[in-house]
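# A structural walkthrough
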Amino acid sequence: MLDFRLYMAQRLSALIMAPFVIVHIGVMIYAIQGGLTAAEILGRTQGSIFWFLFYGMFVVAVSIHAAIGLRTILFEWGGLKGTALNVTAWGIGAILFAMGANAVWAVTA
Amino acid sequence: MKVDRAHPLWLAYILHRVSGIALALFLPLHFWVLSLALNNAAQLDSFLTLTELPMVKVAEFGLVFLLAVHMFGGLRLLAMEWLPWSAPQKTWAAAAVAGSLFISGTFFLQAI
Amino acid sequence: MAEHGSVMNVTVQRGTAETPARSETFEVPAYDNQTVLDVVSWIQQNADPTLTYRFACRVGMCGSCAMMVNGVPRWTCRTHVSKVLDGDRISIAPLRNLPVIKDLAADMDPFFDKWVAAEGRHHPTRTREEEIAPVNPQAEERQEASAGIECINCSICYSACDTVAGNPDYLGPAALQRAWTLYNDAKDANKDAILDAVSGKGGCHNCHSMGSCTTYCPNDLDPMSAIAGLKRATTRRFFGGRR
C-alpha cells in the first residue's frame, strides 16, 4: 500500500516532528508543576508568534503523519481499499488539520 | 493459523502500531479541549481541574509514555533504514522503551 | 528408532481450494527420535493415505517440506518433535499466506510470481564476446549481495510475515531480498529498474521491520536488513545521490 511517496511523506513528517515532540514534552513537564490552569497556558501562548508557528507546523506535520499511518492500518487490518481508503485517509488528515488549526488559533490568537 | 509472534522485534512493531493508534485517537480530543480556550475558557478551566485527579495523572503518564515510545521506536526505524551502520536491533528497541519510560516517569513525578 | 509406548495427538489441516478447511486429529505413536516430517509421513502411510503433503530431500536442503507447526513456519524435516510437542499435541497446517492446493500442500505460484515481479534478475553489461568483468569478493557491495544469495525459496519468511498477511500486493521478504542481491551486483547494468520494481504498491516501503522473516529463516538469512537497504537506496536516489 505504501508506495514511495507516501513512505517519504511519512518519514519526513516524522523527522520534522521529532524536535517538536521533545520540546512539547519538555514544556509540559515544566507547565504541569504546581497545577495547570487556562490562564497559565494562555499566559504563555497568547499573542506569541513563536508558539503559533511552532504548534502550527506541528499540526501540519502530525495531520500528514497520522493520516498516512492510519491509512496503512485501515488497509492491513481493516481491509479497506481503493477509493474508500483514499477518501477516508484524506478525510482523517483534513479533520486533524482543521481541529488542530482551530486549537492553535484558540491558544495563540 | 496464527504465527507464534512473541519475538522482540515483532513486539516493537505492535507497540509502535498500537501507540500510533492510541495517539491518533487522543489527538482530536486534545485539540477540542484546547480550542475551548477561544470561546469557553471556563469550561477549559473545569477540564483542567480534572488533571488533579490521580486517575488522570496516570492517564497522562500513559500518554506521554505512548508518545515517547512511538517517537523513539520511529527514530530506531529511521536509523535502521537510513544510516549505513547495522544497528544491534534488539538493544535499540529495548533502549527506546527504556528511554520512553524515563521521560514519562519524569513527567509523572512532576505531576504528582 | 525405539518406540516408547506413548501416543501423540496430531491435528492436521485438511481441505482443498474448493472445500473449507477442517481439522483432523490422528493418534501417532511417539518415537525417541522423530521429526515432524516423520509424523506426517506416518499418518499418510499408516492412518490416512489420502493426506497430501510435500517433501523431497528430507535433510534440510530443499525447503519443500515447509509447513506451519503450532503456528510457526518451519522445515518439518528439521523440526524435532521434542522441540514442538505441546503436552502431547502438535498442530500442522499448510504454509500461511499462500492458497491451499490440498491439505498440507500450498500453492507456491504467488510466491514465485512476486519473485519475478521484484526484478531480481541480472541485467548484463557485456556480451559473450567480451572478457568477463571481475568482481571483487572483498568489496562491501559483494558482501552485502553474498549475504542474501543462499535463499532456497522455501517461503518460510513469506509465511511468517504479518505484512504479507495484511497486504496481498506486498512482494514479500524473499523477493525483495533477491532484488537487493542483484542491486549490489557489481555487474548489473540496470539498478534503476530494480529500484522502480520495489517502489510500487507492493514494494519494500510496506515493510514494518517486524523481523519475523529474519527470525524464522532456516538458512539464517536477513531479509529485513536487505529490505532496509532497498529503502535506503530508494531514498538516496530521491535525494539525488549515487545509484
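Not measured: the values here are computed from a predicted model.

About the cut-offs
- Residues numbered from 1 in each chain as written.
- Chains lettered and ligands numbered in written order.
- Predicted model: local features only at pLDDT ≥ 70, side-chain atom pairs only at ≥ 80, totals over all residues.
- Helix = DSSP H or I, 4+ residues; strand = E, 2+ residues; numbered from the N terminus.
- Rg over C-alpha atoms; globule rule 2.2 N^0.38 Å.
- Contact = placed C-beta atoms within 7 Å.
- Nonpolar A, V, L, I, M, F, W, Y, C, P; charged D, E, K, R; others polar.
- Core = buried A, V, L, I, M, F, W, Y, C linked by C-beta atoms within 7 Å.
- Buried ≥ 20, exposed ≤ 12 C-beta atoms within 10 Å, placed from the backbone.
- Domains from an automatic or database assignment.
- Expected span 1.5 Å × (residues − 1).
- Arc of directions from axis to C-beta.
- Bend = angle between axes of the 7 residues up to and from the residue.

### Focus on the overall build of chain A
The secondary structure content of chain A amounts to four helices and zero strands. Put simply, chain A runs from its N terminus to its C terminus through helices and strands in the order α-α-α-α. In terms of overall size, chain A is more extended than a compact globule, its C-alpha atoms giving a radius of gyration of 16 Å where 109 residues would be expected to give roughly 13 Å. Principal-axis analysis of the C-alpha atoms gives chain A an extent of 50 × 25 × 20 Å.

### Points about the interface of chain B and chain A
Residue-level contacts link 29 residues of chain B with 27 residues of chain A. For the side of chain B that touches chain A, the elements supplying multiple residues, two or more each, are α1 (8–39), α2 (41–49), α3 (54–82) and α4 (89–111) of chain B. Among the elements that take part in the side of chain B that touches chain A, α1(B) stands out by supplying 12 residues, more than any other. Here the residues of the side of chain B that touches chain A sort into 20 nonpolar, six polar and three charged.

### Notes on the interface of chain C and chain A
With 11 residues of chain C at the interface, the matching set in chain A holds nine residues. When grouped by side-chain class, the residues that make up the side of chain C that touches chain A number one nonpolar, nine polar and one charged.

### Details of the nonpolar core
All names here are of chain C. If you look at the biggest cluster of nonpolar residues, it comprises 66 residues, and the most contacted ones within it are Ile92, Leu176, Ala179 and Val198. In terms of residues, this core owes the most to one element, helix α7 (residues 173–183), which gives seven residues. Among the domains, domain 1 (3–106) and domain 2 (109–238) are the pair contributing at least three residues each to this core. When neighbours within four sequence positions are excluded, Val198 is seen to be in contact with Ala118, Leu171, Leu176, Ala179, Gly203, Cys204 and Leu230.

### Brief notes about the environment of Val164(C)
On the secondary structure map, Val164(C) appears in helix α6 (residues 162–166). With 28 C-beta atoms packed within 10 Å, Val164(C) lands in the buried category.

### Looking at the domain arrangement of chain C
All names here are of chain C. What the domain assignment lists for chain C is domain 1 (3–106) and domain 2 (109–238). Between domain 1 and domain 2, the C-alpha centre-to-centre distance is 30 Å. Of the residues lining the interface, 12 residues belong to domain 1; the matching set on domain 2 comes to 14 residues. Broken down by secondary-structure element, the contributors of at least two residues to the side of domain 1 that touches domain 2 are β3 (66–69) and β4 (72–75). Looking at the side of domain 1 that touches domain 2 element by element, the count peaks at three residues for β4.

### Observations regarding helix α1 (residues 36–47) of chain C
Residue and element names in this part refer to chain C. When the terminal C-alpha atoms of α1 are compared, their 16 Å separation across 12 residues agrees well with the 16 Å that a helix rising 1.5 Å per residue should span. Of all the residues in α1, the buried ones are Val36, Leu37, Val39, Val40 and Ile43. What you see down the axis of α1 is that its buried residues fit within an arc of 165 degrees, all on one side. For α1, exposure combined with an orientation more than 90 degrees from the buried face picks out Gln45 and Asn46.

### Here's the deal with helix α1 (residues 4–31) of chain A
One full turn of an α-helix is made of 3.6 residues, so residues set three or four places apart face in the same direction. Residue and element names in this part refer to chain A. Taking 1.5 Å per residue, 28 residues should reach 40 Å; α1 reaches 40 Å between its end C-alpha atoms and fits that length. By the largest-angle criterion, Met17 marks the main kink of α1, which is about 35 degrees, and a proline, Pro19, follows within four residues. Residues of α1 that are buried include every one of Phe4, Tyr7, Gln10, Arg11, Ala14 and Met17, and no others.

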